[in-house]
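Listed below, chain by chain, are the residues.
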Amino acid sequence: MDIAKISTQLEHTGYIVLAKPLVDKLLGELFTRCHDDDPTRFHAAQVGRGAAKQQIGSIRGDVINWLDAGNSTDQAYLAWMEELRLGLNAALYLGLFDYESHYAIYDKGNGYAKHSDVLQGKKNRILTTVLYLNEDWQASNGGELLIFEPTGNTVIATVNPTFGTMIIFLSEFFPHEVLVSHSTRRSIAGWFRVSAS
């Protein structure tokens, strides 16, 4: 893990795309976990927070499963993220307190409309991470992540959801959108947060 490279890029541009930062063994185990899409594990994602949360397929079409610290594969990924958290705090003084993440599966025909990861009235998400778990992904499969500049008017980055690719970006500054996928699309989305207290 190149903390210096990641922190420098975040400081200068606010986002970084990494090609396979995790070891192959862990990527393979995460890939297997995300293919075990048992409906007792995965449920339709919702938008909003608190009592206002609801499932709106026209906005967001993925099913999700939060990582389980009791599972050895999830635990290994969370440990990698903990190392990243400590490194970024040391380099950038971000005050990152914890990390939450879930597997996300978009079936064919689904995407996620342009949105911000900062929940309304609750600005504790500081950094967003997305790790892609799609083998042999083709451009024709769609499902790209579009990153917009802070006003949300102009696309500044397009990330193909290819296997092992990770993007990290400042949650508050970059609206983003998942284009409609033409094949089943798998990833892990997560957020480094500061303490709400």
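A brief report on the enclosed structure follows. Please read all numbers here as calculations on a predicted model, not as lab measurements. (Residues numbered from 1 in each chain as written. Predicted model: local features only at pLDDT ≥ 70, side-chain atom pairs only at ≥ 80, totals over all residues. Heavy atoms only, no water.)

With respect to the pattern of salt bridges
For side chains of opposite charge, pairing can occur when their charged atoms come near one another.
Then comes step 1: The full count for this structure, using the stated rule, is seven salt bridges.
Then comes step 2: Among the ionic pairs, E82 bridges to R85, the shortest N-O distance being 2.8 Å. Of this pair, E82 and R85 are both found in helix α3 (residues 72-92), three residues apart, which corresponds to roughly one turn of the helix.
Then comes step 3: Among the salt bridges present, the one from E100 reaches R193, with a minimum N-O distance of 3.2 Å. Of this pair, E100 sits in strand β4 (residues 98-106) while R193 sits in strand β11 (residues 185-193), and the two are 93 residues apart along the sequence.
Then comes step 4: Residues joined by salt bridges that share partners form a network here, namely D98, E100, R125 and R193. (Salt bridge = Lys/Arg side-chain N within 4 Å of Asp/Glu carboxyl O. Helix = DSSP H or I, 4+ residues; strand = E, 2+ residues; numbered from the N terminus.)

Topic: the packing of helix α1 (residues 3-13) against α3
Then comes step 1: Where α1 meets α3, the closest approach of the two axes is 10 Å, and the angle between their N-to-C directions is 60°. One way to sum up the angle between α1 and α3 is to call them oblique. Taken as a pair, α1 and α3 cross one another with a handedness that is right-handed. Here α1 contributes I3, I6, S7, L10 and E11 to the contact with α3, which in turn contributes E83, L84, G87, L88, A91 and L92.
Then comes step 2: Its residues placed into classes, the contact of α1 with α3 shows seven nonpolar, two polar and two charged. (Axes fitted to C-alpha atoms, helices over the stretch in contact; angles between N-to-C directions. Parallel < 35°, antiparallel > 145°, perpendicular 65-115°, else oblique. Left-handed = near helix turned anticlockwise from the far one by under 90°. Contact = heavy atoms within 4.5 Å. Nonpolar A, V, L, I, M, F, W, Y, C, P; charged D, E, K, R; others polar.)

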